[in-house]
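# Coordinate analysis (summary)
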Amino acid sequence: MSAASRILVTRPGEGGERLVKALSEAGFAPARPALIHLQPLDIDEVKRTPLLDVDQYDVVVVTSPFAAECLVEWLDRYWPQLPQGPRFYALGVATAATLYRGLGVKASVPDPGLGMTSEALLAMRSLARLDGQRALVVGGVGGRQALAQTLEARGARATKLALYRRVYTAPDTTAAGWLATGDFTAMTVTSGELLEHLVIWCGQAALNKPLIVSSQRLATLADTMGFASLHVAQGATPEALVTAVQEVGDT
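The structure reproduced in this document is the subject of the present report. (Residues numbered from 1 in each chain as written. Predicted model: local features only at pLDDT ≥ 70, side-chain atom pairs only at ≥ 80, totals over all residues. Heavy atoms only, no water.)

## Let's talk about the layout of surface pockets
- By volume, the largest pocket amounts to about 1,100 Å³.
- For the largest pocket, the lining is made up of 49 residues, of which Thr 63, Ser 64, Leu 91, Arg 166 and Thr 190 are closest to its centre. (1 Å grid on protein atoms, 1.4 Å probe; cavity = no way out; pocket = protein on both sides within 12 Å on 5 of 7 lines; lining within 4 Å. Points joined across faces, edges and corners; volume = space filled by probe spheres on them.)

In structure tokens form, the structure reads like this:
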């Protein structure tokens with residue numbers, strides 16, 4: 001790939017900003033189509049019982065940096081001093097860092113070698129058996145159910161707590177042109193829901209361009225949608241995605 005290669009970054013929020021920075025530093029030309037933004041739920045939309053009873057949970061799993069930001073804000077309202085009972089888990093180092101900055105807790109994260117996915121988190125030995133334990137899964141509205149379902153299958157009483165929603169939008173004229181004509185070198189995607197949204201705007205040329213995804217699950221989904229050049233990064237971190245972009249350029 002040339003230094004001026006346009007790489008489409010679809011990830012929203014802070015994670016997208018960090019990926020844009022990492023790609024720029026690696027010599028690429030990242031561009032962010034405005035396809036989604038993250039919106040905290042209003043106070044009357046949030047189930048407050050799990051927040052008030054957070055000390056009753058054995059395990060708290062936080063699924064994204066934005067979920068962590070929202071959780072910090074909510075717990076600050078109700079808990080001047082965070083209870084010591086729950087064990088915190090984070091789906092990625094950025095999420096763990098947000099929890100540490102905001103709450104002072106050290107959250108456990110999956111083995112980086114396994115990638116930052118729900119499957120990697122569930123592979124942690126401390127989550128293998130949860131007989132009778134209460135687990136709180138903090139994330140956004142919708143999303144995958146596999147995490148809470150697997151925790152329940154391992155004996156936990158799992159509760160999902162949504163603190164934000166994903167708002168999907170049509171791309172602007174410039175981004176719509178990129179997707180319609182394939183006027184980019186590669187595209188990165190880290191969410192199945194986002195992939196299902198953006199494929200609506202992709203012409204055949206875009207479907208034939210390299211698509212870099214963060215897990216084999218996403219690659220399988222993308223294959224069913226007609227994407228023809230799939231590349232699986234070793235996780236969803238900026239470093240893993242940049243490495244995958246570089247490897248695509250070397251092939």
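Next comes the rest of the description.
## Description of the sheet that holds strand S9 (residues 210-213)
- If you trace the five strands from one edge of the open sheet to the other, you get S2-S1-S8-S9-S10, paired in parallel fashion. Every other strand in the sheet has two partners, leaving strand S2 (29-31) and strand S10 (229-232) as the edge strands with one partner each. Sheet twist, expressed as the mean angle between neighbouring strand axes with direction ignored, is 25°.
- With three bridges connecting them, strand S1 (residues 6-9) and S2 associate as parallel partners. Residue pairing in the sheet places Ile 7 in a bridge with Pro 30 of S2. (Pairing = 2+ DSSP bridges. Helix = DSSP H or I, 4+ residues; strand = E, 2+ residues; numbered from the N terminus. Axes fitted to C-alpha atoms, helices over the stretch in contact; angles between N-to-C directions.)

## Notes on the sheet that holds strand S4 (residues 59-62)
- The five strands lie next to each other as S3-S7-S6-S4-S5, forming an open sheet whose pairing is mixed. The open sheet is flanked by strand S3 (36-40) and strand S5 (87-90), the only strands paired with a single partner. Pairs of neighbouring strands in the sheet enclose a mean axial angle of 25°, with direction left out of account.
- As defined by bridge partners, S3 adjoins strand S7 (residues 157-168) across five bridges and the pair is classed as antiparallel. Each bridged residue has a counterpart across the sheet, and for Pro 40 the counterpart in S7 is Tyr 164.
- Its contacts with the sheet place helix H4 (residues 93-103) against S4 and S5, and it is angled at close to 140° to S5.
- Sheet strands in contact with helix H6 (residues 146-153) are S4, strand S6 (134-140) and S7, and its direction is about 175° off that of S6. (Contact = heavy atoms within 4.5 Å.)

## Structural notes on the nonpolar core
- Formed by 29 residues in total, the largest nonpolar core has its most connected members in Val 60, Leu 71, Phe 88, Leu 99 and Val 138.
- Taken together, the elements giving at least two residues each to this core come down to S4, helix H3 (65-78), S5, H4, S6 and S7.
- Beyond its immediate sequence surroundings of up to four residues, Phe 88 is in contact with Val 60, Leu 71, Leu 82, Leu 99, Leu 103, Val 105, Lys 106, Ala 107 and Ser 108.
- Grouped together as the second largest cluster of nonpolar side chains are 22 residues, Leu 35, Ala 175, Leu 194 and Phe 227 included. (Core = buried A, V, L, I, M, F, W, Y, C linked by side-chain atoms within 4.5 Å. Buried < 20%, exposed > 50% of the residue type's maximum accessible area, 1.4 Å probe, protein only.)

## A closer look at the pairing of S6
- Along S6, six of the seven residues are buried, which leaves the element largely enclosed by surrounding structure.
- The sheet contact formed by S4 and S6 spans four bridges and is parallel. Bridge pairing in S6 places Val 62 opposite Val 138.
- Judged from the seven bridges that link them, S6 and S7 form a sheet pairing that is parallel. In the sheet register, Gly 139 faces S7, and the bridge partner there is Ala 162.

## Considering the pattern of salt bridges
- Tallied over the entire structure, the rule returns six salt bridges.
- The partner of Arg 6 in a salt bridge is Asp 183, and the shortest N-O contact between them spans 3.3 Å. Here the residue Arg 6 occupies a position in strand S1, and Asp 183 occupies one in the loop between helix H7 (173-181) and strand S8 (186-189), the gap between them amounting to 177 residues.
- One salt bridge connects Arg 165 with Glu 45, and the closest N-O pair in it is separated by 2.5 Å. Taken together, the positions of Arg 165 in strand S7 and Glu 45 in the loop between S3 and helix H2 (49-52) put the pair 120 residues apart, joining distant regions of the chain.
- Classification of Arg 165 by relative accessible area gives partly exposed; the value is 25%. (Salt bridge = Lys/Arg side-chain N within 4 Å of Asp/Glu carboxyl O.)

Read these as layout, nothing more, since geometry by itself doesn't imply function.
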